[in-house]
Amino acid sequence: MATIQVSIVLVMFFLHLFSGARSSTFAVVNKCSYTVWPGVLSSAGIPPLSPTGFILQPGESTYINVPTSWSGRLWGRTLCTKDSSGKFSCLTGDCGSSTVECSGAGAIPPATLAEFTLNGAAGLDFYDVSLVDGYNLPMMVVPHGGTGGNCSSAGCAADLNGDCPLELKVVDGTGSEGVACNSACNAFGNPQYCCSGAYSNPNTCKPSSYSEYFKTACPTAYSYAYDDGTSTFTCAGADYVITFCPTPSTSIKSSNPTAVDVSACSVPASSSALIAGALTTLAAIWQLRHLF
Ligand SMILES: *[C@@H]1O[C@H](CO)[C@@H](O)[C@H](O)[C@H]1NC(C)=O
């Protein structure tokens, strides 16, 4: 573990020395009791990050080096399988690429999305976690080592898949388990919920009872199209830890009660060690950057 961290720090350090401009690091951490396949999509005109999709077993984390001025989104895919012909697909957050890499394809709603514009206006990073395209798993974005703006945690720590209003709920093949939660815009498509047509400005498009459901459960996430004020955050010169299922929960995705009990006992210790490891690495990267 320590050797791996030292190697990561050294690699990041040399990348930084030779790149000239400041880059950022995303630590992507899976604290869920189930496997997550993150997907990454760069905005139009922005070069792709590498990789554009990967697997994270429970307890695993991956570090991604993100160039200056990158903009795009990151999300988690769940309940993925490969069929007999080798075609990869996911029940939630699928990007339709048929492979683990998304290669320029975005998430099919509903999916919880972490959105970034690094080094934007006034040199600030802009970031948010959006539920405008629905929700499929808990995700928080936590900045580290940044200054200025309102550098703080953004996202949704709550597990809404069981609790989701029936008319928004997405269930698995058996029809019994909630696996995602649509936004009202996805579910009903009307202009009031989508902030389109006559409702395409902040004066006419107001929060709905559905967007308020998301806002109450997830106060620092985007709940509808004009929710900028309370859900867009800014920070300068930060690295970001993006955590799936930040709060250990007895997920409905573990159907075996014994397995749930075991993970409820063992997850807090191992996941706090994981987060501590990620933070130590980010802190070391940050210190090295500020030495030069
Ligand atoms: C964070 O700061 C930006 C301006 O830099 C502002 O637009 C936004 O509303 C602030 N976000 C929160 C959650 O206060």
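Residues numbered from 1 in each chain as written. Predicted model: local features only at pLDDT ≥ 70, side-chain atom pairs only at ≥ 80, totals over all residues. Heavy atoms only, no water.

Chemist: Tell me about the side chain of Thr92, and name the residues and values.
Modeler: Looking at the secondary structure, you find Thr92 in strand β5 (residues 88-92). Aside from chain neighbours lying at most four places away, what touches Thr92 is Gly76, Arg77, Thr78, Asn136, Val179 and Ala180. (Helix = DSSP H or I, 4+ residues; strand = E, 2+ residues; numbered from the N terminus. Contact = heavy atoms within 4.5 Å.)

Chemist: Give me the lowdown on the pairing of β5, citing residues and values where you can.
Modeler: Bridging between strand β4 (residues 71-82) and β5 involves four bridges; their strand directions are antiparallel. By the bridge assignment for β5, Thr81 is matched with Ser89. Hairpin connection, β4 to β5: the antiparallel pair is bridged by five residues, and Gly86 has positive phi, about 90°. (Pairing = 2+ DSSP bridges.)

Chemist: I'd love a proper account of the sheet that holds strand β3 (residues 61-66), names of residues and values included.
Modeler: Taken together, the five strands give an open sheet; going across it, the order is β3-β1-β13-β8-β9, and neighbouring strands pair in mixed fashion. Strands at the two margins of the open sheet, each flanked by one partner only, are β3 and β9 (154-156). Adjacent strand axes in the sheet meet at a mean angle of 20° when their direction is disregarded. Bridge count between strand β8 (residues 139-144) and β9: three bridges; the pairing is antiparallel. By the bridge assignment, Met139 is partnered in β9 with Cys156. (Axes fitted to C-alpha atoms, helices over the stretch in contact; angles between N-to-C directions.)

Chemist: Hey, could you go over the site of the ligand for me, with residue numbers and the actual values?
Modeler: Neighbouring the ligand are the residues Asn150, Gly229, Thr230, Thr232, Phe233 and Thr234. At a separation of 2.4 Å, an oxygen atom of the ligand approaches a polar side-chain atom of Asn150. For the ligand, whose free accessible area comes to 360 Å², the fraction covered by protein is 55%. When contributions to the shell around the ligand are tallied by element, the ones reaching two or more residues are α5 (228-231) and β12 (233-235). (Near = heavy atom within 4 Å. Polar contact = N/O pair within 3.5 Å; in protein donor to acceptor, adjacent residues only side chain to side chain. Areas by Shrake-Rupley, 256 points an atom, 1.4 Å probe, with all protein chains shown as cover.)

Chemist: How would you summarise the nonpolar core if you had to cite specific residues and measurements?
Modeler: Among the nonpolar cores identified, the biggest contains 29 residues, and Phe26, Phe116, Tyr240 and Phe244 are the most heavily contacted of them. Counting only elements with at least two residues in this core, the list comes to β1 (24-30), β3, β6 (113-117), β7 (125-130), β8, β12 and β13 (239-244). Considering each element in turn, this core owes the most residues, three residues, to β13. Ignoring sequence-local partners within four residues, the contact set of Tyr240 consists of Ser24, Thr25, Phe26, Ala27, Phe116, Leu118, Asp125, Tyr127, Val141, Val142, Pro143 and Cys235. Grouped together as the second largest cluster of nonpolar side chains are 13 residues, Cys156, Leu160, Cys164 and Ala184 included. (Core = buried A, V, L, I, M, F, W, Y, C linked by side-chain atoms within 4.5 Å. Buried < 20%, exposed > 50% of the residue type's maximum accessible area, 1.4 Å probe, protein only.)

Chemist: Provide a residue-level description of the packing of aromatic side chains, including the pertinent values.
Modeler: According to the stated counting rule, one finds 12 aromatic pairs in the structure shown. The interplanar angle of 25° and the centroid separation of 5.9 Å between the aromatic rings of Tyr127 and Phe233 together place this pair among those described as stacked. Taken together, the residues span a long stretch of sequence, with Tyr127 in strand β7 and Phe233 in strand β12 at a distance of 106 residues. According to the relative accessible area criterion, Phe233 is buried, its value standing at 9%. When the centroid spacing of 5.5 Å and the interplanar angle of 40° are considered together, the rings of Phe188 and Tyr210 count as tilted. Linking Phe188 in helix α2 (residues 184-188) with Tyr210 in helix α4 (residues 209-217), this pair joins segments that are 22 residues apart in sequence. (Phe/Tyr/Trp six-rings, centres within 6.5 Å; stacked < 30°, edge-to-face > 60°.)

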